[in-house]
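What the coordinates show
So the chains spell out like this:
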Amino acid sequence: MNSLRPESGNFSTHLANAGVALDASLEHDPGDAMQRFDDWDRVLSGALPEHSSGIGATVDSLLSDVLPNGTRLPYPGFWGWITSGPSTAAAVAAAVANVAAPQRYTITAFNRLEELSLEWLAELCGLQPHMKGVYSSGGSAANLVALGAARQWAFAQRDIDPAADGLDGISVAIYTSTEAHHSVQRSAGVLGLGRRSVRLVPIDDRQRMRIDVLAEMMERDATAGVIPVAVVAAAGTTNTGAIDPLRQVGELARQHGAWFHVDGAYGLPGILDDRVTHLYDGLDLADSVIVDPHKWLGAPVGIGATFVRDRSILFDAFTQEPSDYLDGAFVDDPETSLDSMGIPYGDFGVELSAPSRGVVVWAILTELGREGMTARIVEDNDFARHVAGRAQAEPALELVTEPTLSICCFRHVAPEGADADEFNQQLLRRLVRETGYMPSSTSVNGHFAIRPCFINLRTTLADVDGFVDAVLRIGAELVDDRDA
Ligand SMILES: *Cc1c(COP(=O)(O)O)cnc(C)c1O
C-alpha cells in the first residue's frame, strides 16, 4: 500500500532516474509536443486523484509522459525570445538549493552566496564597486524594482514619500526609447506613475535612442513642470540587441536630476566581448542596472538581478510593515544561523519568500570563470556576425540590421510582386514546423525580419550554418511554388 505521507528522501534514486531521462531527451530534438498532443493530453487529463499513486508511479509518469513532451527551448536550434536551457551546473545547483535552502535568508552558505554572486556578477559586467544587488524572478520584476527605487528617490528629493503616501495629481515622466521592453510601461503602471507617463523617444537607423530628441522632450517637460522620474536606456534591446548611447543618456538624466536606469536584462554580459566593450561606456553613471542570469548566463528561468547605487533607497521603497511573525525572532549578535535573517533581501524588492538564486549564479561562474563566460559571449556574438556575413554574401538574403551583440535580423528576398513581409512570415512558419531551427521574428523599421538570438549554450557553428541553409532551401521552394 502506498503511504499517506509524501516520500521525503531517496533523491539518489529519483534524481538519478531523472538525470538519465534528461540526458536521453537532450540527445535528440523530440520535435514539437503538439504533434503528439492527443497522446499526452489523454494521459494527463485525469481527474484529481483520490488515492496515492506512490512516488514510483509519479516519477515514472513525469519522466515518460511529461518530460518528453516539453518545450524545445533547450535544443541547439532554439534562438527565439532570449531564453534557452540551463547548463548542468546551474540546474544541479537549483535542485540542491530547492531542497537544502528553500529560502535565501538566515546566515548560511546559501545566504552568503546570494551576496557573493551578486558582487561577482556586478564585477563581471563592469559595474561600479558601490552597486549592490538583489535577485528577483526575472527582467520584468527587476525593472519594477529599479523603477520603484527611481520613484522613491525622485520624490524623496521633493520631501514626498510615495511608498507611504502615494502620488496624487503629480505630473511625472519616464523616458525610454521606442525599442524599450514593455516591462518599463508595466512598471510605470504598477508603481502608480501611469503607463502614459512613459515617453517613447524615437530611434536612429541603428535602433538606438535619439539623444537630440530626448534632450528636447526633457526640456519641454521641465518647462511644463513635469517631474522627470527616470531615463531608461537599453544595453542590448530585446529586438535587435542595440545599445543606447549610455554616456550621453546618463549625462542628460543627471542634468535634469532624473534617475538613470540601464536595462541590460539580455545584453549586459556583452561587455565581456572586447569588440563591443566601448559601447558600454557610461555605465558608471547608472543609478540602477538590471541583468537576467536566466538569459545569457544560462541559469534556469526565474533569476533576474537589480543593482542600485544605494540599497537603502530600495529599502525605503519596498520595506514591509513590521510583522509579528518576523520581528523579534532575530538578534543582532547571531550565534546560530537562525538568529539572524542575514541580508534582508525581502526588504529590497517585492518578494519575501524566494528561492536561493545566488548559488545558481555562483555555480555558473565557478564552473566557467570569467574566461569561460567571455568565450561563450564572444562565440554567440560570432554566430550573429556569421549569419550577417552569409546574409550579405547570398544574393537571396538581405541583412536587416548589422548585429551589435548576438542577435542578427535578416530576411529572404521576395520574388517580384510578392509582399516581402508575408513571404518571410510564410518562410519562418515552414522553417519552425519542418526543421529544428527556431528563431523568432521581429519588425525593424516596419519590416518583418527573421531574428535568431544566440544565447543557447548547446548551439554550434554547424547548427548556425544548417539554419541559414534551411532558410535558403525553403525560400527557394517558396519562390518555385509561386512560379509553378
Ligand atoms: C527579456 C527582457 C526583459 C524582461 O525580462 P523577463 O526575464 O522576461 O521578465 C526586460 N528587458 C529587456 C531588455 C529584455 O530583453
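The notes below deal with the structure included here. (Residues numbered from 1 in each chain as written. Predicted model: local features only at pLDDT ≥ 70, side-chain atom pairs only at ≥ 80, totals over all residues. Heavy atoms only, no water.)

Overview of the layout of surface pockets
Once rolled over the atoms, a probe with the size of a water molecule shows which space is left empty. Put simply, the rule is: In the cavity and pocket records, a cavity denotes points on a 1 Å grid over the protein atoms alone where a 1.4 Å probe fits but cannot get out, a pocket denotes an open set with protein on both sides within 12 Å along at least 5 of 7 lines, and lining residues are residues with an atom within 4 Å of a point. Grid points are joined across faces, edges and corners, and a volume is the space filled by probe spheres set on the points. Labels follow the DSSP assignment, with helices taken as runs of H or I lasting at least four residues and strands as runs of E lasting at least two, numbered in each case from the N terminus. Any residue that is not Ala, Val, Leu, Ile, Met, Phe, Trp, Tyr, Cys, Pro, Asp, Glu, Lys or Arg is counted as polar, Gly included; the first ten are nonpolar and the last four charged.
By volume, the largest pocket amounts to about 1200 Å³. Where the lining of the largest pocket is concerned, the elements lending two or more residues are α1 (11-27), α3 (54-66) and α4 (88-100). The greatest single-element share of the lining of the largest pocket, amounting to 10 residues, is contributed by α1. Across the lining of the largest pocket, the residue classes tally to 24 nonpolar, 14 polar and three charged. The calculated volume of the second largest pocket comes to roughly 350 Å³. The wall of the second largest pocket is formed by 25 residues, among which Arg206, Arg208, Ile243, Asp244 and Leu279 lie closest to the centre.

Some details on the packing of aromatic side chains
For clarity, the cut-off: When two rings of Phe, Tyr or Trp (its six-membered ring) have centres within 6.5 Å they constitute a pair, described as stacked for plane angles under 30 degrees, edge-to-face for angles over 60, and tilted for the intermediate range. Exposure is judged per residue with a 1.4 Å probe applied to protein chains only, and the accessible area is read against the type maximum: over 50% gives exposed, under 20% gives buried, and values in between give partly exposed.
For the coordinates displayed, the defined rule picks out 11 aromatic pairs. Their ring planes at 85 degrees and their centres at 5.8 Å tell us that Phe410 and Phe467 sit as a pair that is edge-to-face. Separated by 57 residues along the polypeptide, Phe410 in strand β10 (residues 409-412) and Phe467 in helix α14 (residues 461-483) bring together distant segments of the chain. Take Phe410 and Phe467: they sit in the same class, and that class is buried.

Observations regarding the nonpolar core
Stated formally: Here the nonpolar core consists of buried residues drawn from Ala, Val, Leu, Ile, Met, Phe, Trp, Tyr and Cys, with membership extended through side-chain atoms lying within 4.5 Å. Should any heavy atoms of two residues lie within 4.5 Å, those residues are counted as being in contact.
With 99 residues, the main nonpolar core has Ile174, Leu214, Val229, Phe260, Phe307 and Val360 as its most contacted residues. Setting aside residues up to four positions removed in sequence, Phe260 forms contacts with Val231, Ala233, Leu246, Val249, Gly250, Ala253, Gly282, Leu285, Ala286, Asp287 and Ser288. Core analysis: the second largest hydrophobic core is formed by 29 residues, Trp79, Cys408, Tyr437 and Leu478 among them.

Regarding the pairing of β10
Quick note on the threshold: Any two strands with at least two DSSP-identified bridges between them are counted as paired.
Here β10 shows no split at all, with Cys409 and Arg411 on one side and Phe410 and His412 on the other all buried. Looking at chain direction, strand β9 (residues 397-401) and β10 are connected through four bridges and run antiparallel. Residue Leu397 lies in a different strand from β10, and its bridge partner there is His412.

Details of the pairing of strand β11 (residues 438-444)
Among the seven residues of β11, five are classified as buried, and the element is accordingly described as predominantly covered. In terms of strand pairing, strand β1 (residues 78-79) meets β11 through two bridges, oriented parallel. Counterpart to Trp79 in the pairing with β11 is Pro439. Alignment of β11 against strand β12 (residues 447-451), held across five bridges, turns out to be antiparallel. Along β12, the bridge assignment pairs Ser440 with Arg451. Between β11 and β12, which pair antiparallel one after the other, the connecting turn spans two residues, and Asn445 there sits at a positive phi close to 50 degrees.

Things to note about the side chain of His261
What counts here: Pairing of N or O atoms within 3.5 Å defines a polar contact, subject to two protein rules: one partner must be a possible hydrogen donor and the other a possible acceptor, and residues neighboring in sequence count only if both atoms are side-chain atoms.
Following the sequence through the fold, His261 ends up in strand β6 (residues 259-263). When its relative accessible area of 0% is taken as the criterion, His261 is described as buried. Reaching out from His261, the side chain makes a polar contact with the side chain of Asn143 at a distance of 2.8 Å. Residues contacting His261, with those up to four places away along its chain left out, are Asn143, Ala146, Val231, Val232, Ala233, Ser288, Val289 and Ile290.

Observations regarding the environment of Asp29
Looking at where Asp29 falls in the secondary structure, it is placed in the loop between α1 and α2 (37-44). The exposure class assigned to Asp29 is partly exposed, which follows from its relative accessible area of 31%. Residues Asp29 and Thr459, 430 residues apart in the sequence, show an inter-C-alpha distance of 12 Å. What Asp29 contacts, discounting residues up to four positions off in sequence, is Arg72, Tyr75, Gly436 and Met438.

Side note on the pattern of salt bridges
Filter applied, for reference: We count a salt bridge whenever a side-chain nitrogen from Lys or Arg sits within 4 Å of a carboxyl oxygen from Asp or Glu.
Tallying each qualifying case throughout the model produces 24 salt bridges. With its nearest N and O atoms 2.7 Å apart, the salt bridge here joins Asp382 to Arg275. Of this pair, Asp382 sits in helix α12 (residues 358-393) while Arg275 sits in the loop between β6 and β7 (288-291), and the two are 107 residues apart along the sequence. What makes Asp382 partly exposed here is its relative accessible area of 33%. The salt bridge involving Arg390 is made with Asp469; its shortest N-O contact spans 2.8 Å. Placement of Arg390 in helix α12 and of Asp469 in helix α14 is noted, with a sequence separation of 79 residues between them.

Considerations on the sheet that holds β7
This is how it is decided: In this description, a line fitted to the C-alpha atoms serves as the axis of each element, helices being fitted only across the stretch in contact, and the angle between N-to-C directions of two axes falls anywhere from 0 to 180 degrees.
The seven strands are arranged β2-β8-β7-β6-β5-β3-β4 in an open sheet whose pairing can be described as mixed. Edge strands, defined here as strands with exactly one partner in the open sheet, are β2 (132-136) and β4 (198-201). For this sheet, the mean inter-axis angle between neighbouring strands, taken without regard to orientation, is 20 degrees. As paired elements, β7 and strand β8 (residues 304-308) share four bridges and run antiparallel to each other. When the sheet's bridge partners are listed, Ile290 is paired in β8 with Thr306. Each of β5 (227-234) and β6 touches helix α10 (residues 246-255); the most contacted strand, β6, lies at about 155 degrees to it.

Here we look at the site of the ligand
We apply this condition: Summary of the distance rule: residues count as near a molecule or strand when at least one heavy atom falls within 4 Å of that molecule or strand. We get accessible surface area from the Shrake-Rupley algorithm with a probe of 1.4 Å; when it comes to residues, only the shown protein chains can shield them.
Contacts to the ligand come from 15 residues, most closely from Gly139, Ser140, Asp263, Asp292 and Lys295. One nitrogen or oxygen atom from the side chain of Thr238 is found 2.9 Å from an oxygen atom belonging to the ligand. Residue Asp292 places a side-chain N or O atom 2.8 Å away from an oxygen atom belonging to the ligand. Considered on its own, the ligand offers 380 Å² of accessible surface; in the complex 85% of this is hidden by protein. With three residues, helix α6 (residues 139-156) is the largest single contributor of residues to the shell around the ligand. Here the shell around the ligand is built from residues that sort into three nonpolar, nine polar and three charged.

What about α3?
Note the cut-off: To estimate the expected span of a helix, subtract one from its residue number and multiply by 1.5 Å.
With 13 residues, α3 extends 17 Å from end C-alpha to end C-alpha; this agrees with the ideal 18 Å at 1.5 Å per step. The complete set of buried residues in α3 reads Gly54, Val59, Leu63 and Asp65. Check the buried side of α3 and you find it contacts α1 and α2.

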